[in-house]
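Breakdown of the fold
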Amino acid sequence: MDIHLRGWLGWATIFAIALSVNGLSKRDMFDYGEQAGDQLLEQGTDQTQQLILNQSMFFFDGTYDTINTNGFLSVEEPQVESEYLGKMPASFRMIAVFLGDLDNSDGVGKVYYRQDSRPSILLRTTDHINQAFPQDDEIKPTHALIITWENVAAHGVPGRGDGLDRKRNTFQLVVASMASASYAILFYPREGLQYISTPVAGQSELVHTGFIKGRVKGWFNWSSSPGPYYRIATDNETSVRQLSEETNSGRRGVWVYEIGTSPIFYSITPGQVTNLSPEEGMAGGQMESVPEFPPRNTGEQQEIEFPPYEHEEEEETPEQELNPEPDQPRYPEPVQPSYLEPVQPAQPQPPRYEPQTPQVVVVDEDDDLDVDVFAYNSETCASNRQKCSSFADCKDYTNGYCCQCRPGFYGNGKDCVAEGKPQRMNGKVNGRVFVGNTPSPLELSNNDLHSYVVANDGRAYVAISTIPAGLGPSLQPLSSLGGVIGWAFALEQPGYENGFSIIGGVFSRQAEVTFLPGNERLTIKQEFKGIDEHDHLVVSTELEGRLPEVPRGSTVQIDPYKEIYQYGSNLITSSSNRDYTVSLPDGSVQTKAYQWRQTITYQSCPNDEEVRAVQSTQQLSVDQIFVMYDSGNQLIRYAMSNKIGSIHSGPPEQNPCFTGRHGCDTNAACRPEEGIQFTCECSTGFTGDGRQCYDIDECREMSEICGSHAICNNQPGTFRCECMDGFQFASDGKTCVEVDRPIDHCQRGTNNCDIPERARCSYTGASAYICSCLSGFVGDGYTCQDIDECEQGRCHRDAVCYNSQGSFTCQCRPGFHGDGFQCTPEHEKTQCERDRESIQVSSNTGSFSFFRLRPSVSQYVPTCDQHGAYEPTQCHGSIGQCWCVDGNGQEISNTRTGPGQRPLCIDRGVIPPPIGPTTRPDVSPVAPGTHLLFAQSGKIEQIPLDGYSMNKGEAKALLHLPDRVAIAVAYDCVEKMVYWTDITGPSISKASLEGGDTISLITTDLESPEGLAIDHLARLMFWTDSMKDRIEVAKLDGSQRRVLFDTDLVNPRPIVADPSYGRLYWADWNRDGPKIEMSNMDGTDRTVLVKDDLGLPNGLTYDPESQQLCWADAGTRKVQCMDPNGRNRRTIVEGIQYPFAIVSHGRNLYYTDWRREAVVAVDRTTDRETDEFLPQKRSRVYGIATTPTECPQGKPPHTSSLSQYSVGMRFVQ
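Throughout, residues of each chain are indexed from 1 in the direction in which the sequence is written. Restriction of local features to residues with pLDDT of at least 70 applies here, the model being predicted, together with a cutoff of 80 or more for giving and counting side-chain atom pairs; totals for whole chains, interfaces and linings are based on all residues. Computation of side-chain values covers all heavy atoms of the structure but excludes hydrogens and water.

Labelled according to an unreviewed UniProt entry, the chain appears under the name Nidogen-1, originating from Oncorhynchus tshawytscha. As its UniProt record puts it under Subcellular location (unreviewed entry), the chain is described as follows: "Secreted, Extracellular space, Extracellular matrix, Basement membrane". UniProt positions are given in the numbering used here, feature names are shortened, and annotations may be inferred rather than shown by experiment.

Per the UniProt annotation, the sites labelled "domain: EGF-like" (unreviewed entry) are residues 653-694, 695-737, 742-785 and 786-822. Taken end to end, residues 786-822 is 0% helix and 43% strand, and its two terminal C-alpha atoms sit 24 Å from one another. Only DSSP runs of H or I reaching four residues or more are called helices, and only runs of E reaching two or more are called strands; each is numbered from the N terminus.

Looking now at the sheet that holds strand E67 (residues 1042-1045). Strand order in the open sheet made by the four strands is E64-E65-E66-E67, with antiparallel pairing throughout. On the outer flanks of this sheet lie strand E64 (1009-1015) and E67, each paired with one strand and no other. Within this sheet the neighbouring strands show an average axis-to-axis angle of 25°, counted without direction. Relative to strand E65 (residues 1020-1025), E64 runs antiparallel, the two sharing six bridges. A pair of strands is labelled paired if DSSP reports no fewer than 2 bridges between them. Note on definitions: angles span 0 to 180 degrees between N-to-C directions of axes, and those axes are lines fitted to C-alpha atoms, for helices only across the stretch in contact.

Here Thr 523 is to be found in strand E32 (residues 521-531). Pairing of N or O atoms within 3.5 Å defines a polar contact, subject to two protein rules: one partner must be a possible hydrogen donor and the other a possible acceptor, and residues neighboring in sequence count only if both atoms are side-chain atoms. In terms of polar contacts, Thr 523 uses its side chain to reach the side chain of Glu 512, at 2.8 Å. Setting aside residues up to four positions removed in sequence, Thr 523 forms contacts with Gln 510, Ala 511, Glu 512, Glu 542, Leu 543 and Glu 544. Pairs of residues are marked as contacts when any of their non-hydrogen atoms sit within 4.5 Å.

This paragraph deals with the state of the cysteines. To count as a disulfide, a pair of cysteine sulfur atoms needs to be within 2.5 Å. For the structure on display, the rule yields 20 disulfides. Each disulfide pairs two cysteine sulfurs, and for Cys 706 the partner residue is Cys 721, the sulfurs being separated by 1.9 Å. One quick way to see it: the torsion about the S-S bond of Cys 706 and Cys 721 is about -80°, and its sign makes the bridge left-handed. Here Cys 706, found in the loop between helix H9 (698-701) and strand E44 (710-715), pairs with Cys 721, found in strand E45 (residues 718-723); they are 15 residues apart in sequence, far enough to count as distant. The rule is simple: take the accessible area with a 1.4 Å probe, protein chains only, and divide by the maximum for that residue type; under 20% is buried, over 50% is exposed, in between is partly exposed. For Cys 721, a relative accessible area of 22% puts it in the partly exposed group.

With that settled, the discussion passes to the packing of aromatic side chains. Between rings of Phe, Tyr and Trp, where Trp is taken as its six-membered ring, a pair exists when centres lie within 6.5 Å; planes separated by under 30 degrees are stacked, by over 60 edge-to-face, and by other angles tilted. Overall, the coordinates contain 27 aromatic pairs when judged by the stated rule. Aromatic pair Phe 515 and Tyr 594: ring centres 5.3 Å apart, planes at 55°, arrangement tilted. With Phe 515 in strand E31 (residues 506-516) and Tyr 594 in strand E37 (residues 589-602), this residue pair connects regions lying 79 residues apart in the sequence. Taken as a pair, Phe 515 and Tyr 594 share a single burial class, namely buried. Joined through ring pairs, the aromatic side chains of Phe 98, Trp 149, Phe 171 and Tyr 195 make up one cluster. A ring is scored as having a charge over it whenever the NZ atom of a lysine or the CZ atom of an arginine sits within 6 Å of its centre and within 35 degrees of its normal. Over the face of the ring belonging to Phe 1045 we find Arg 1086, whose NZ or CZ atom lies 4.8 Å from the ring centre. A cation over a ring is seen here: Arg 1180 above Trp 1154, with NZ or CZ 3.8 Å from the ring centre.

For this document, the term salt bridge refers to a Lys or Arg side-chain nitrogen within 4 Å of an Asp or Glu carboxyl oxygen. All told, the structure shown has 43 salt bridges when counted by the stated rule. Residue Arg 114 pairs with Asp 38 through a salt bridge whose shortest N-O separation is 3.0 Å. Here Arg 114 is found in strand E8 (residues 110-116), whereas its partner Asp 38 is found in the loop between strand E1 (2-4) and strand E2 (39-40), with 76 residues between them in sequence. The exposure class of Asp 38 is buried, given its relative accessible area of 10%. A salt bridge links Arg 671 to Glu 681, with the shortest nitrogen-to-oxygen separation between them at 3.3 Å. A residue pair is termed long-range when its members are at least 10 positions apart, and Arg 671 in strand E40 (residues 668-672) and Glu 681 in strand E41 (residues 678-682) qualify at 10 residues. When its relative accessible area of 27% is taken as the criterion, Arg 671 is described as partly exposed. Using a relative accessible area of 41% as the deciding quantity, one classes Glu 681 as partly exposed. A single salt-bridge network, built from bridges that share partners, covers Asp 1005, Glu 1007, Lys 1028, Arg 1030, Glu 1032 and Arg 1041.

Right, let's talk about the nonpolar core for a bit. Counting 61 residues, the largest nonpolar core has Leu 478, Trp 487, Phe 489, Ile 524 and Tyr 638 as the members making the most contacts within it. Top element by residues in this core is strand E38 (residues 617-630). It accounts for five residues. Contacts of Phe 489, omitting those with residues within four sequence positions, involve Tyr 410, Val 417, Gln 423, Val 453, Ala 455, Gly 458, Asn 498, Phe 500 and Leu 537. Among buried residues, those of type Ala, Val, Leu, Ile, Met, Phe, Trp, Tyr and Cys that are joined through side-chain atoms within 4.5 Å constitute a nonpolar core. Phe 60, Leu 186, Leu 243 and Ile 268 belong to the second largest nonpolar core, which has 42 residues in total.

Turning our attention to the environment of Asp 788. Here Asp 788 is to be found in the loop between strand E51 (784-786) and strand E52 (799-804). With 18 residues separating them in the primary sequence, Asp 788 and Gly 806 have C-alpha atoms 8.3 Å apart. Separated by 3.1 Å, the side chain of Asp 788 and the backbone nitrogen of Cys 790 make a polar contact.

Before going further, it helps to spend a moment on the pairing of strand E12 (residues 197-200). If a strand is regular, its side chains alternate between the two faces of the sheet. Here E12 shows a buried face lined by Ser 197 and Pro 199 and a second buried face lined by Thr 198 and Val 200. Here E12 runs beside strand E13 (residues 203-206); their pairing, made up of four bridges, is antiparallel. Bridge pairing in E13 places Pro 199 opposite Ser 204. Once E12 ends, the chain turns through two residues before running back antiparallel as E13, passing Ala 201 with a positive phi of about 55°.

A separate point is the environment of Ser 554. Note that Ser 554 resides in the loop between strand E33 (536-547) and strand E34 (555-558). For Ser 554, a relative accessible area of 7% translates into the label buried. In this structure the C-alpha to C-alpha distance between Ser 554 and Gly 587, which are 33 residues apart in sequence, comes to 9.3 Å. If near-sequence neighbours (up to four positions away) are discounted, Ser 554 is found in contact with Gln 476, Val 582, Ser 583, Leu 584 and Pro 585.

Have a look at this one:
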């Protein structure tokens, strides 16, 4: 389905359910923005974006899998806007949410969109639909498409250039779909609708809202005509204004429609609840009077508008109203949008990247009154003092509180720094940058950015590390990449303030750079996240676009420049033109320029009743600019001097405090006096004469400064208090109080479960627990009764069953032998017994019959165990040799030893799982049966499998690995050991499923081990290292380590082994050439199996039963399987999100997904996902493995495969 997003999606809001007496608020819409996982529509006036849906959407009588979005949502490729604006209805199918000529090219408004299937989102859509259609049952959406426009301006409306005087709208569309129907939920917040018309072709045109079927074909497909157009608002201004005031869902400003059904569609169906709830309908204690306006579709009667040439005689709407004559313009006034009354100034919303806690609404009821009385508690300093800086005071106002820095400090109250103290900034730089005409970008990934500012003279220094030589020289002109810190801490002229003094350290900055004359464009996005615990300003930077190439060896000189900053409410804009000179290695000089335009958004304290006087415009003067690319250390360096002052020219300030030439210590503030006189004063936290300042150790000089149960840590110019272990800060942010530790009632024995012989107590965190009956008992866990298994016929038909408490036993009848579950006549001999007997008989041919059967001296006779199976180690005493055999008695190659030695052979006998009393609950080994093991940061978890279903209720942590990041997980079915790789060590380790300590196996010469495979037959392990780009092998104890491959590898990750055939498979997710390869276990016969239609093959697994090689690809978003010889490739599922690892078990595949943060089950027989497990702690999930109850046998290998497998064993002997 193609989604056409027209206009802008806005900043992320926080979802909070609350009653509103004034109408729908932006906070009542669905959560949106980057932290909600949204994608952003490109800026422009007619931008569209196609989106492939994870689940089909029903619209009118059609089903669609792709959509387009652009201020509306269409299920077909839309036309250019000139073909439908002012010419409605359009000829293609669309949902017109708020259709007009909208614009998102000025950097303030944004359009976000995403698909969401989280239970919390689906539950909320269900609530809206059920309230709008109270008679409908079985409303269970399984998919939601959320599109949000915020602060969208009308295109073509003039403004002064900074965007502050433009009217802006905010609205949202949610399409909820289930198996046979789709619903549209539209949100129109009251404060979000500031205009209702836009300029179109020289006239002011009312916006359109409704559902359009487009052109439909006639019965014989000879011609087409316009289909139905269901309108939400009519061509009346009052009707459009009432979008935020009325409803068909019982909630003001919320409109719900059934827009498509399958298999039969009748019509667009509106919600049935047109009356507001008592709370929604009251404002100021009384119902608002609603002006009359033409009828609209809010009730049960649906009115559909058809074009006039359909000749619907019963249509009541005048033809002239639907299609006005061209010579009778509808809006004769000047071309300006119409606005709602009263018009409020547009307030650009700051980015809200960090989730805010929804406020709890306290409702107090007065029993003496017949009406409901609502009291809303405001936030006060008493409960929020810790949100202010430790160098700030909290002040209560009528509507809340604000933070204000104390004397000697400056900032916005949330972040405060000492006057005159130097400031450091740290962060990361990411992005993709094209240089010159190169077709491929250079990627930046978590490159370190460090900055240092001498605040008392405005000097700023910036360095970015690990910049490749192909990019570094071309970054030299971009001094303002870190120059924002120069503005934030610029030297202040009299009556003016730098950026940090006004907005603090939490803000967003977006800059657009256009280079001349080549017109290359680069976008810089920076998120400033405040002062951290080390008193450093934290910033994240993202670069996207193209730079003109500066040849290697060139130097760049940037001329001094001035930049005008315009200050509005929560918005700061600036623009400038900058010249720079490039000196080429051949001695020639080039003069170039670029245009700079930036927007800074922030959140001021909304409760401050004292209006702070801030100059509406200020000028930043930047000189002494130095730029250099250090190719030897791959560093780009910038330095500059910054002053903030008036935009008007005048005599320069002579006082050294304003020129920066004062000689004060870098940790001192310069205090101007009369004329050119001044004094130096050490910053707070330092002592000295101002010319030389020394740090005060507050922790040593004031030993009790942090109070009891706290530790004092001295820092330059300040100190920090930290609570001791077992304590935490109280609500005042200062006092350390003891942590309320949870109680494990299961361990203490203070639970009310049945006795341990019948029930298990499971601790679930905090002080909670659950009770469950042990195997062999039935009940609720508090009372458990024995199950009589004998009534269920659990024993063999030739056995007797004996019931006992919690268990039972089976005993074969006389004349039969076995374990009671399988009974056979006593005279049946095993293969080993028959072979032994035949050899004994053949060696005694011709002897007297009364002699005991025995072989000749040189004859080899197999040895059988007590069950008649071949002993895994067979010996021939006459020649003094021993060797290993498989379950059929066949010798395993390369295991024969000489006299006096015995090989270490593996018992491959299949031991039936024990059936009987369960282990006591105070012992905690892994329960019998097959489990899934998967890695999360800091732990490995297990999920029991009940057949192919995940037993989610019994899932728990198997291993806790603090401060570690386990990536790959593998399992040795012989010794019941789990193996894993750790990229923080890095290391490869193992631990027993039955308990015990972890054992480190490989700890040296590793960088990023990300794949791990176990050969349980040859006792080998194989791993990939994506940093060293190689594949290695070693014995399971870590000895005899060898490198198998170290060439033609870029990003090897998953690796799996097929012990039966001696084969090894691995995948390389090299973005330029992903592939899946195969080789023998000794490294021979390396072959590329798959190289076409791959993106990011992260996960790989091999099923020995079906002999299928399967992989999960995060690039193509598919799970696919094929034969190990590269044939019969087929897609199992597609449209998945971001798989990381995959494992097979029977007919199922299980994969971990980074974005869903889940373990997902896929049925290979039906090609669909069947289940999902969400860990209690949501974070990325990594490797996954199974713990089968018995080692896989696979199909008998061919002779050639056995020889290859033998080579693999010889490799490490």
